[in-house]
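Coordinate inspection notes
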Amino acid sequence: MIIEKAEVIVTSPDRNFVTLKLTTSDGVTGLGDATLNGRELAVVAYLKEHVVPLLIGRDPHQIEDTWQFLYRISYWRRGPVTMASIAAVDMALWYIKAKVAGLPLYQLLGGASRRGLLAYGHASGKELPEIFDSINDHLEQGFRAIRVQSGVPGLKAIYGIASQSADTGGGDARYDHEPARRGAKPTEEDWDTRAYLRHIPGVFEAVRNEFGAELPLLHDGHHRMTPLQAAKLGKSLEPYDLFWLEDCTPAENQEALKLVRQHTTTPLAIGEVFNTIWDFKDIIRDQLIDYMRGAVTHMGGITPLKKTMDYASLYQIKSGFHGPTDISPVGMAAQMHVGLAIHNFGIQEYMKHGAKTDQVFEQSFTWTDGLLHPGDNPGLGVELNVDEAGKYPYEQAYLPYNRLADGTVHDW
Ligand code: EZ4
Ligand code: CO
């Protein structure tokens, strides 16, 4: 059996997705997610021009060898475009292997370690009544863990706050924040870290008072604080017992987390923008995080995700894989299989995809009692409806950015 055909499919049902479809000489197909939010067509070109010609004729069963070949042959290692491309190939090959074996992928990764995956949803609002409303909506949808993002007095538009007018597609725009806006120009948001630090502890105090001690609560700092500011926030949130504080400082400087760690016992989650297992090496070894936020799509696929989690298990570090709507249903399925199999699963981020996306990608996963399960179809449990996909051509969309009051560009 050889890889006979490799197609790169771009579709934009509710948002843009890039999917690699491999077909073997025996007619077995496998899908891989290569979606890189806001830079989708760079990955399309990388795959079409540089990867597809290398795949034709290869043995689809040689997953590790293909991964190493694509990683090392590029010479210019790492980077999100390269790693999203390799990820798509890796996912599609695991998909094919599992289909040929007649098993859902998690069985090849060691079998299920739990009944399902605890998943958290995104609640948000400008002010407390809206936040409470959004949390209640998520509880009604079955979520048993909730990320809370709040508006800040004086700021007009900031990361994580859903709005009714958002043209985004990922579920109910009133409750689900999806930042990539369609349009030729990125939208501008505003930011003031001191105002944020003054406001957020009171929000979590109010949420705890309203919803009780039991509900796991999460918060995303989205790379905006200095180490000292992050330490201060972590400390001031300790009474409210967060499940995690995510991306408290910019991800490039991992050393910064040492200072944060010295000052707070609030658990830290990092890694959604990391590309490789190497990016996680030091923060795992130095025990600077509690949850690993890598996405299967952005760090090279199932093969390195599983290796990274096995390494993290030596340090009691758990998974918290990135799961916004820019991870396609194929990527979500892949990381659900990994999460079900590994011992050190922590939580899965889960933003529901829009209705059109669910028609393009037919999925076998289930969502019961706050737990996700990838289903038991052989492979990943996702099929791409090519006719549906063809209805939605690519639309340019950018992530936003933000500026401080004096006009300085700040981390988004
Ligand atoms: O900003 O997926 O935790 N989730 C996040 C996301 C990211 C987007 C970027 O593509 O931080 O909302
Ligand atoms: Co995040």
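Residues numbered from 1 in each chain as written. Chains lettered and ligands numbered in written order. Predicted model: local features only at pLDDT ≥ 70, side-chain atom pairs only at ≥ 80, totals over all residues. Heavy atoms only, no water.

**Some words on the environment of Asp247**
So the rule is basically this: Numbered from the N terminus, helices here are DSSP runs of H or I no shorter than four residues, and strands are runs of E no shorter than two. Any pair of residues with heavy atoms lying within 4.5 Å of one another is described as a contacting pair.
Following the sequence through the fold, Asp247 ends up in the loop between strand E9 (244-246) and helix H8 (256-263). In this structure the C-alpha to C-alpha distance between Asp247 and Pro227, which are 20 residues apart in sequence, comes to 11 Å. Those residues within four positions of Asp247 in sequence are excluded, and the remaining contacts are Asp220, Gly221, His222, His223, Arg224, Ala269, Ile270, Gly271 and Glu272.

**Section: helix H2 (residues 63-73)**
Stated precisely, the cut-off is as follows: A simple rule labels every residue: compare its accessible area, found with a 1.4 Å probe on the protein chains alone, to the largest value its type can have, and call it buried under 20%, exposed over 50%, or partly exposed in between. As used here, the arc is the angular range of directions from the helix axis to the C-beta atoms.
Three or more residues of H2 are buried, namely Ile63, Thr66, Trp67, Leu70 and Tyr71. End-on view of H2: buried residues confined to an arc of 125°, all on one side of the axis. At its buried positions, H2 is contacted by helix H1 (40-55), helix H3 (80-101), helix H9 (277-285) and helix H10 (302-313).

**So, the site of ligand 1**
What counts here: We call a residue near a molecule or strand as soon as one heavy atom of that residue lies within 4 Å of the molecule or strand. In protein, a polar contact means a hydrogen-donor-capable atom and an acceptor-capable atom, both N or O and within 3.5 Å, with residues adjacent in sequence counting only if both atoms are side-chain atoms; elsewhere, any N or O pair within 3.5 Å suffices. Note on areas: Shrake-Rupley with a 1.4 Å probe; residue coverage comes only from the protein chains shown. Method remark: on a 1 Å grid restricted to protein atoms, a set of points is classed as a cavity if a 1.4 Å probe fits but cannot get out and as a pocket if it is open with protein on both sides within 12 Å along at least five of seven lines; lining residues have an atom within 4 Å of a point. Cavities and pockets are treated as containing a molecule whenever more than half of the molecule's atoms lie within 2 Å of their grid points.
Surveying the vicinity of ligand 1 reveals 14 residues, the closest of which are Asn37, Tyr159, His222, Glu272 and Asp326. Side-chain polar atom of Asn37 to an oxygen atom of ligand 1: 2.8 Å apart, as the coordinates give it. A distance of 3.1 Å separates an oxygen atom of ligand 1 from a polar side-chain atom of Asp220. In isolation ligand 1 has 330 Å² of accessible area, and contact with the protein removes 94% of it. Put simply, ligand 1 lies in the largest pocket.

**A look at the sheet that holds strand E19 (residues 401-403)**
The strands that make up a sheet pair up through hydrogen bonds in the backbone, lying either parallel or antiparallel. To be explicit about the condition: Strand pairing is assigned whenever DSSP detects at least two bridges linking the two strands.
Within the open sheet, the 3 strands sit side by side as E7-E19-E20. Their pairing is mixed. Of all strands in the sheet, those with a lone pairing partner are strand E7 (188-190) and strand E20 (409-410), marking the two edges. Across 3 bridges, the pairing between E7 and E19 is parallel. By the bridge assignment for E19, Glu188 is matched with Tyr401.

**With respect to the coordination of the cobalt ion (ligand 2)**
Quick note on the threshold: Coordinating N, O and S atoms are those within 2.8 Å of the metal (3.2 Å for Na, K and Ca), and as water is not part of the atoms, a site may appear to have fewer donors than expected. Metal sites are grouped by the angles between bound donors: all angles between 85 and 135 degrees with four donors is tetrahedral, opposite donors over 155 degrees apart with the others between 65 and 115 is square planar for four donors and octahedral for six, and any other pattern is irregular.
Listed as protein donors to the cobalt ion (ligand 2) are Asp220 (OD), Glu246 (OE) and Glu272 (OE); their distances from the metal cover 2.0 to 2.2 Å. Note that the cobalt ion (ligand 2) binds 6 donor atoms; their angles at the metal cover 24 to 177°, and the shape is irregular. Each donor residue of the cobalt ion (ligand 2) belongs to the same chain, and together they define the spacing D-x25-E-x25-E. Of this pair, Asp220 sits in strand E8 (residues 217-220) while Glu272 sits in the loop between strand E10 (268-270) and H9, placing them 52 residues apart in sequence.

**Some points on the packing of aromatic side chains**
How we decide: Each pair of aromatic rings taken from Phe, Tyr and Trp, with Trp reduced to its six-membered ring, is defined by centres within 6.5 Å and is described as stacked if the planes are under 30 degrees apart, edge-to-face if over 60, and tilted in the remaining cases. Throughout this description, the term charge over a ring refers to an Arg CZ or Lys NZ atom that lies within 6 Å of the ring centre and within 35 degrees of the ring normal.
The full count for this structure, using the stated rule, is 16 aromatic pairs. Ring geometry for Trp191 versus Tyr196: centroids 4.8 Å apart, planes at 50°, classification tilted. Each member of the pair Trp191 and Tyr196 is classed as buried. With a centroid separation of 5.1 Å and an interplanar angle of 65°, the aromatic rings of Tyr350 and Trp367 are classed as edge-to-face. Here Tyr350, found in the loop between strand E13 (348-349) and helix H12 (355-360), pairs with Trp367, found in strand E15 (residues 366-368); they are 17 residues apart in sequence, far enough to count as distant. For Trp367, a relative accessible area of 22% gives the class partly exposed. Taken together, the ring pairs in this structure connect Tyr120, Phe243, Trp244 and Tyr291 into an aromatic cluster. Across from the ring centre of Phe69, 4.4 Å away, lies the NZ or CZ of Arg58, which sits over that ring.

None of the figures reported here should be taken as evidence of function without further support.
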